Amino acid sequence: HRDLHSFPTRRSSDLNTSLNVNDGNVICTGLSSTNSGNNGRDCKVAIATGTLTVNGNISMGNNAVRNDITFSDAGTLTVTGNLTTGTLVGNAATINVGGTFTPTTFTANTSTVNYNGTGAQVVSAYNYHNLTISENRTTNNITLVAGGVIGVANVFDPTASFTTGNYVITNNTINFNGTGAQTIPAFNYNNLTISGGRTTNSVTLANTGIIGVAYTF
């Protein structure tokens, strides 16, 4: 168990400052860094099969060259608050986010991003591999980013529950853009797009429930 609020201050001779979780288990209440003065001095978080749990925010600089979180395997990152960084490389990771998810550059690979807060959340416009929206939201809304395109290459799993809250889909597009087989789940979409070269693979419309499209299919 480690309590890390910020990366150590660099000396002028340092090239990189790294948190190497690798195959271990690190728990902290927050993680922060700023953009360095040049592209040769980076703040890096490296995770292989290990677990990084942040009971708070990851607030790294937004320079995609100088701040990055990189998975090399199927590790797990859980952030109860907001996740901000320059570059995020997902590999086969599971990334649980309770607040906002705003990396400058996101490479999904075969990762899963799970928006698992219990309050209101906005699902950001990225190309995801697997996208999950979960947990009981009671009176809070989940907003699919207005004016943006949410790409899903594999599985879209919107399982969040509500009392009086709901999904807000105004001016949003979900694009199922994989190249393998995909299933379009029952959900109320604003714009629904199905794209990608499927060759011998099929796209299946869910055989239970209703697929609603408010605007364009």
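A short tour of the structure in this document, coming up. Keep in mind it's a predicted model, so treat the numbers as computed, not measured.

1. What about the sheet that holds strand 11 (residues 94–97)?
1) Next: The strand order across the open sheet formed by 7 strands is 2-5-8-11-13-16-19, and the pairing between neighbours is parallel. Strand pairing shows two members of the sheet lacking a second neighbour, strand 2 (25–28) and strand 19 (156–158), which therefore form its edges. Across the sheet, the mean angle separating the axes of adjacent strands is 10 degrees when strand polarity is ignored.
2) Next: One ladder, built from 3 bridges, connects strand 16 (residues 130–133) with strand 19; its direction is parallel. The partner of Ile-133 across the bridge, within strand 19, is Pro-158.

2. Observations regarding a nonpolar patch on the surface
1) Next: Judged by side-chain polarity, Ile-194, Val-203, Leu-205, Val-213 and Phe-217 come together as a nonpolar surface patch covering roughly 430 Å² of accessible area.
2) Next: Relative to the helices and strands, Phe-217 resides in the segment after strand 25 (212–216).

3. What about the nonpolar core?
What tends to happen in soluble globular proteins is that the nonpolar side chains get buried as a cluster.
1) Next: With 45 residues, the main nonpolar core has Leu-52, Ile-95, Phe-101 and Tyr-128 as its most contacted residues.
2) Next: It is strand 4 (residues 42–47) that provides the largest number of residues to this core, a total of 3 residues.
3) Next: Among residues more than four places away in sequence, those in contact with Leu-52 are Leu-19, Val-21, Val-26, Cys-28, Leu-31, Val-45, Ile-47, Thr-76, Leu-77 and Thr-78.

Procedures and definitions
Residues numbered from 1 in each chain as written. Predicted model: local features only at pLDDT ≥ 70, side-chain atom pairs only at ≥ 80, totals over all residues. Heavy atoms only, no water. Pairing = 2+ DSSP bridges. Helix = DSSP H or I, 4+ residues; strand = E, 2+ residues; numbered from the N terminus. Axes fitted to C-alpha atoms, helices over the stretch in contact; angles between N-to-C directions. Patch = residues over 30% accessible without salt bridge, like charges linked within 9 Å, V, L, I, M, F, W, Y side chains within 5 Å. Areas by Shrake-Rupley, 256 points an atom, 1.4 Å probe, with all protein chains shown as cover. Salt bridge = Lys/Arg side-chain N within 4 Å of Asp/Glu carboxyl O. Core = buried A, V, L, I, M, F, W, Y, C linked by side-chain atoms within 4.5 Å. Buried < 20%, exposed > 50% of the residue type's maximum accessible area, 1.4 Å probe, protein only. Contact = heavy atoms within 4.5 Å.

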